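# Descriptive analysis of the structure
Letter by letter, the chains look like this.
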Amino acid sequence: MDYENYSAEDYQNEIKELSLQLADMLEAALYFAGVKKLRFEEAMDAYLDEMDNVLGDDEDTPMGFEEIVKVIKHLKNSRKELFV
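Below is a short write-up of the structure. Residue positions within a chain follow its written sequence, with the count starting from 1. pLDDT decides what is reported in this predicted model: residues at 70 or higher carry local features, side-chain atom pairs at 80 or more are listed and counted, and totals for whole chains, interfaces and linings draw on all residues regardless. As a rule here, side-chain values come from all non-hydrogen atoms in the structure, and water together with hydrogens is ignored.

## Quick look at the nonpolar core
We apply this condition: Throughout, nonpolar core names a set of buried Ala, Val, Leu, Ile, Met, Phe, Trp, Tyr and Cys residues whose side chains join them through atoms within 4.5 Å. A simple rule labels every residue: compare its accessible area, found with a 1.4 Å probe on the protein chains alone, to the largest value its type can have, and call it buried under 20%, exposed over 50%, or partly exposed in between. Secondary structure elements are defined from DSSP: runs of H or I of at least 4 residues count as helices, runs of E of at least 2 residues count as strands, and each element is numbered from the N terminus. The contact criterion used throughout is that any non-hydrogen atoms of two residues lie within 4.5 Å.
Counting residues in each nonpolar core, the largest one holds 16 residues, and the members touching the most others are L30, V35, Y47, L75 and F83. Listing elements by their share of this core, those giving two or more residues are α1 (8-33), α2 (40-55) and α3 (65-78). The element that contributes the greatest number of residues to this core is α2, accounting for 7 residues. With near-sequence residues (within four places) excluded, V35 lies in contact with L30, F40, A43, L82, F83 and V84.

Given below as structure tokens:
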């Protein structure tokens, strides 16, 4: 892809597409963790709400594999109704 000719709108569209892909990946992670399909939206909201509680509100905190697993494990304990 030729990024030299990218406009601000192109970058905004790229960001939107990546955001949708990340949401899909989170949904897949929650699915494999056992979230009921009918509760995906609620589980995703709960995940986002609990991130600060579990990881702290420091924006420099890395958000890698370990941190994602930690938040999902916390959800499994605190929001059991979301899981099968």
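Read on for the rest.
## Overview of the packing of α1 against α3
Put simply, the rule is: Here, axes are lines fitted to C-alpha atoms. For helices the fit covers the stretch in contact, and angles between N-to-C directions go from 0 to 180 degrees. Throughout, the term roughly parallel applies to angles under 35 degrees, roughly antiparallel to angles over 145, roughly perpendicular to angles from 65 to 115, and oblique to all others. With the far helix as reference, a near helix turned anticlockwise by less than a right angle produces a left-handed crossing, and one turned clockwise produces a right-handed crossing. Three residue categories are used. Nonpolar comprises Ala, Val, Leu, Ile, Met, Phe, Trp, Tyr, Cys and Pro, charged comprises Asp, Glu, Lys and Arg, and polar comprises the others, including Gly.
Two elements in contact, α1 and α3, have axes whose closest approach is 11 Å; the angle formed by their N-to-C orientations is 50°. The angle between α1 and α3 falls in the class oblique. The chirality of how α1 crosses α3 is right-handed. Together, A29, L30 and A33 of α1 and I72, L75 and K76 of α3 make up the contact between the two elements. Split by residue class, the contact of α1 with α3 holds 5 nonpolar, no polar and 1 charged.

In short, the description is geometric, and any link to function would need to be established separately.
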